[in-house]
There are 2 protein chains.
Amino acid sequence: MTDSVDFAKAMADENRQRVMRLLCCRWLCVNDIVAEMSNVSQPTVSHHLGILREAGLVHARREGKQVFYSLNQDEVAVCCGRLMRNFAPELAPTVAEA
Amino acid sequence: MTDSVDFAKAMADENRQRVMRLLCCRWLCVNDIVAEMSNVSQPTVSHHLGILREAGLVHARREGKQVFYSLNQDEVAVCCGRLMRNFAPELAPTVAEA
DNA sequence: CTTACATATTGACGTGTGTCAATATATGTT
DNA sequence: AACATATATTGACACACGTCAATATGTAAG
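Residues numbered from 1 in each chain as written. Chains lettered and ligands numbered in written order. Predicted model: local features only at pLDDT ≥ 70, side-chain atom pairs only at ≥ 80, totals over all residues. Heavy atoms only, no water.

*Asks:* Would you take a moment to explain the pairing of strand 3 (residues 66-71) of chain A for this structure?
*Replies:* On any regular strand, side chains alternate: one points to one face of the sheet, the next to the other face. Residues and elements named next belong to chain A. Relative to strand 3, strand 1 (residues 28-29) runs antiparallel, the two being bridged by two bridges. Paired with Cys29 across the strands is Phe68, a residue of strand 3. Judged from the six bridges that link them, strand 2 (residues 58-63) and strand 3 form a sheet pairing that is antiparallel. Paired with Val58 across the strands is Leu71, a residue of strand 3. The loop that links strand 2 with its antiparallel partner strand 3 comprises two residues; one of these, Gly64, has a positive phi angle of about 65°. (Pairing = 2+ DSSP bridges. Helix = DSSP H or I, 4+ residues; strand = E, 2+ residues; numbered from the N terminus.)

*Asks:* Honestly, the packing of aromatic side chains in this entry has me stumped. Any pointers?
*Replies:* Here a ring pair, both rings aromatic, is described through the centre-centre distance and the interplanar angle of the planes. Counting across every chain of the model gives zero aromatic pairs over all chains. Sitting over the face of the ring of Trp27 of chain A, Arg61 of chain A holds its NZ or CZ atom 4.2 Å from the ring centroid. (Phe/Tyr/Trp six-rings, centres within 6.5 Å; stacked < 30°, edge-to-face > 60°. Lys NZ or Arg CZ within 6 Å of the ring centre and 35° of its normal.)

*Asks:* Can you help me understand the sheet that holds strand 2 of chain A in this one?
*Replies:* Sheet strands pair via backbone hydrogen bonds, and the direction of the pair is either parallel or antiparallel. Residues and elements named next belong to chain A. Strand order in the open sheet formed by three strands is 1-3-2, and the pairing between neighbours is antiparallel. Of all strands in the sheet, those with a lone pairing partner are strand 1 and strand 2, marking the two edges. In the packing of helix 4 (residues 42-54) onto the sheet, contacts are made with strand 2 and strand 3, and the angle to strand 2 comes to roughly 120°. (Contact = heavy atoms within 4.5 Å. Axes fitted to C-alpha atoms, helices over the stretch in contact; angles between N-to-C directions.)

*Asks:* Even after reading the chapter, I still don't get the sheet that holds strand 2 (residues 58-63) of chain B, so can you show me in this structure?
*Replies:* Residues and elements named next belong to chain B. Spatial ordering of the open sheet is given by 1-3-2, a layout of three strands whose pairing is antiparallel. Two strands in the sheet have a free side with no partner beyond their single neighbour: strand 1 (28-29) and strand 2. Packing of helix 4 (residues 42-54) onto the sheet brings it into contact with strand 2 and strand 3 (66-71), and relative to strand 2 it is tilted by some 120°.

*Asks:* I tried to follow the interface of chain A and chain B on my own but got confused; where do I start?
*Replies:* A common measure of how large an interface is: the accessible area buried when the components associate. Counting from both sides, the interface comprises 30 residues of chain A and, opposite them, 29 residues of chain B. A buried area of about 2500 Å², summed over both sides, lies between chain A and chain B, and 73% of it is on carbon and sulfur atoms. Area buried by chain A at its contact with chain B is led by Gln17, Gln73 and Phe87 of chain A, which between them contribute 25% of it. Linking chain A with chain B are zero salt bridges, by the criterion used here. At the surface where chain A touches chain B, the tally comes to four residue pairs in polar contact (both at pLDDT 80 or more). Within the residue set of the side of chain A that touches chain B, elements represented by two or more residues are helix 1 (2-11), helix 2 (14-22) and helix 5 (73-87) of chain A. No other element matches helix 5 of chain A, which puts nine residues into the side of chain A that touches chain B. Grouping the constituent residues of the side of chain A that touches chain B by class yields 19 nonpolar, five polar and six charged. (Buried area = accessible area lost by both parts, 1.4 Å probe. Salt bridge = Lys/Arg side-chain N within 4 Å of Asp/Glu carboxyl O. Polar contact = N/O pair within 3.5 Å; in protein donor to acceptor, adjacent residues only side chain to side chain. Nonpolar A, V, L, I, M, F, W, Y, C, P; charged D, E, K, R; others polar.)

*Asks:* It is not clear to me how the protein's contact with DNA strand C should be interpreted in this structure. Could you clarify?
*Replies:* Of all residues adjacent to DNA strand C, which total 25 residues, the nearest are Asn15, Thr44 and His48 of chain A together with Ser46 and Tyr69 of chain B. Of everything in DNA strand C that lies within 4 Å of the protein, sugar and phosphate atoms constitute 75%. Within the contact set of DNA strand C, a phosphate oxygen lies 2.4 Å away from a side-chain nitrogen or oxygen of Asn15 of chain A. Elements that contribute at least two residues to the surface near DNA strand C include exactly helix 2 and helix 4 of chain A together with helix 3 (30-36), helix 4 and strand 3 of chain B. No other element matches the five residues that helix 4 of chain A contributes to the surface near DNA strand C. Grouping the amino acids of the surface near DNA strand C by side-chain chemistry returns eight nonpolar, 11 polar and six charged. (Near = heavy atom within 4 Å.)

Encoded structure:
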């Protein structure tokens, strides 16, 4: 339903997808992300992380002064599956894994 | 790459997803779509159809005075597959169908 | 060729969104 | 407590985007 819209909106930004690729399969703290992003300030990165966190697309874990983020691949997979079922039902697997 | 961003942007609107659901598995002309959409004017529907067409997410076919649209499920599937490979690689099938 | 109908385009308007500088909050250190 | 570092929040700004009324374009019929 509207969940698919929220997912699409969360993904609908180049910098957000850059952050997601950085967080794929590893944990990074905000400063590391900022260091790897060119031409994007720390507040902007923090803002994008907030949106991704709100959408459940990243995990967050505090460790001392720093906060580490990592991509939530499960949620991405669930949302992609929902998109497939909604908008490519004739191509999506009929039965989902339980 | 940036294609995933374009796909997400095209999907990032509730009315656009409503239109896509209407066009799932059938052809509708613009007036039919307008009739089934509440509180959305004909120019607005036309505008959304243009964005979906630009993104390759719908097929369009002229038939006399009317233009019929239908959802392009293949493109949706391709884009979802790309999202999966980019952002859920540990959950996506390793080998894609040729 | 004029008329009628279907769709697309234009122009204007309000709202949403990405961005940054400045500042606040949180945590650890001395 | 004072300070330093890491992250989040605020406020302001420009620009993108969704929306509609009005108009233009395309297509067929009389």
